[in-house]
Amino acid sequence: MKLINLKLSSLLTSICSALLSLLGFSCSSPSEILLMYGMPTGDFEIKGSVTSEEGKAVADAEIRVTSSDAPSEICSFMTVATDTEGQYIAKGESFGDREVKVVCIPSSPELEADSVIVKLNYNKENASTWYKGEAEATVDFKLKPKDSIKQ
């Protein structure tokens with residue numbers, strides 16, 4: 001009887017282990033970029049200015065940084081605002097070499113929002129196996145009035 005209990009216990013342990021392994025695979029992201037523990041990261045800085053077509057600084061515009069293939073209104077991983085001179089700096093951490101989408105949403109309802117895809121090219125000077133280095137990008141927005149888009 002003891003031998004049967006031992007075999008049954010061993011069988012149940014094996015089944016549970018297999019099910020847990022399958023659960024781990026089913027939780028993987030279907031996107032190209034898998035974000036997982038131990039994936040190399042890098043620091044980035046995206047800066048720039050936001051002006052209207054007339055060259056006036058746009059204060060309090062919302063700048064969102066997100067994955068290039070994700071809707072920014074749902075999963076932005078960073079949001080900053082422009083200062084009174086229309087300047088902004090967004091600093092953060094990214095996973096591997098990748099593209100990010102920088103979205104500018106003006107506080108004024110008279111201006112149209114805009115977005116740009118930016119490839120982060122990391123400076124490998126201080127890089128290691130798990131640290132990709134630092135990347136810098138400048139993104140300047142010149143926002144159009146909403147009326148000009150309807151014409």
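Up top is the structure these notes are about.
I will try to describe carefully the structure that is included in this document. The model shown is predicted, which means the values in this text are computed figures rather than measured ones.

Quick notes on the rules
The residue count restarts for each chain, going from 1 along the sequence in the order it is written. In view of the model being predicted, local features appear only for residues whose pLDDT reaches at least 70, and side-chain atom pairs are presented and counted only at 80 or more, with totals across whole chains, interfaces and linings using the full set of residues. The side-chain values count all of the structure's non-hydrogen atoms but skip hydrogen atoms and water molecules. The way it works is that DSSP assigns letters per residue, a run of H or I at least four long becomes a helix, a run of E at least two long becomes a strand, and they are numbered from the N terminus. Using a 1.4 Å probe on the protein chains alone, a residue whose accessible area is under 20% of its type maximum counts as buried, one over 50% counts as exposed, and one in between counts as partly exposed. Contacts are residue-level and defined by heavy atoms, with any inter-residue pair within 4.5 Å sufficient. In these tables, accessible area is a Shrake-Rupley quantity obtained with a 1.4 Å probe, and a residue counts as shielded only by the protein chains included in the view. What counts as a salt bridge is simple: a side-chain nitrogen of Lys or Arg found within 4 Å of a carboxyl oxygen of Asp or Glu. Pairing between strands requires that DSSP locate at least two bridges from one strand to the other. Under this scheme, a helix contributes an axis fitted over its contacting stretch, all axes are lines through C-alpha atoms, and angles between N-to-C directions fall in the 0 to 180 degree range.

### Section: the overall build of the chain
Thought 1: In terms of regular secondary structure, the chain is built from three helices and eight strands.
Thought 2: From first element to last, N terminus to C terminus, the chain shows the α and β order α-β-β-α-β-β-β-β-β-β-α.
Thought 3: When each of the 151 residues of the chain is scored for burial, the buried share is 30%.
Thought 4: Summarising the internal contacts of the chain: among those between residues at least 6 apart in sequence, 65% fall at separations of at least 24.
Thought 5: Accessible surface for the chain amounts to roughly 10200 Å². Of this, 56% is attributable to carbon and sulfur atoms.

### What to know about the pattern of salt bridges
Thought 1: Here the structure, examined in full by the defined rule, presents two salt bridges.
Thought 2: A salt bridge links E45 to K91; the shortest N-O distance between them is 3.7 Å. With E45 in strand β1 (residues 41–52) and K91 in strand β4 (residues 87–95), the pair connects residues that are 46 residues apart, well separated along the chain.
Thought 3: Between R64 and E62 there is a salt bridge, and its shortest N-O distance comes to 2.5 Å.

### Here we look at the sheet that holds strand β3 (residues 78–81)
Thought 1: The four strands are arranged β3-β2-β5-β6 in an open sheet whose pairing can be described as antiparallel. Because the sheet does not close on itself, it has two edges, and the strands there are β3 and β6 (114–119). In this sheet, neighbouring strand axes are inclined to one another by 20° on average, regardless of whether the strands run parallel or antiparallel.
Thought 2: Judged from the four bridges that link them, strand β2 (residues 62–67) and β3 form a sheet pairing that is antiparallel. Paired with E62 across the strands is A81, a residue of β3.

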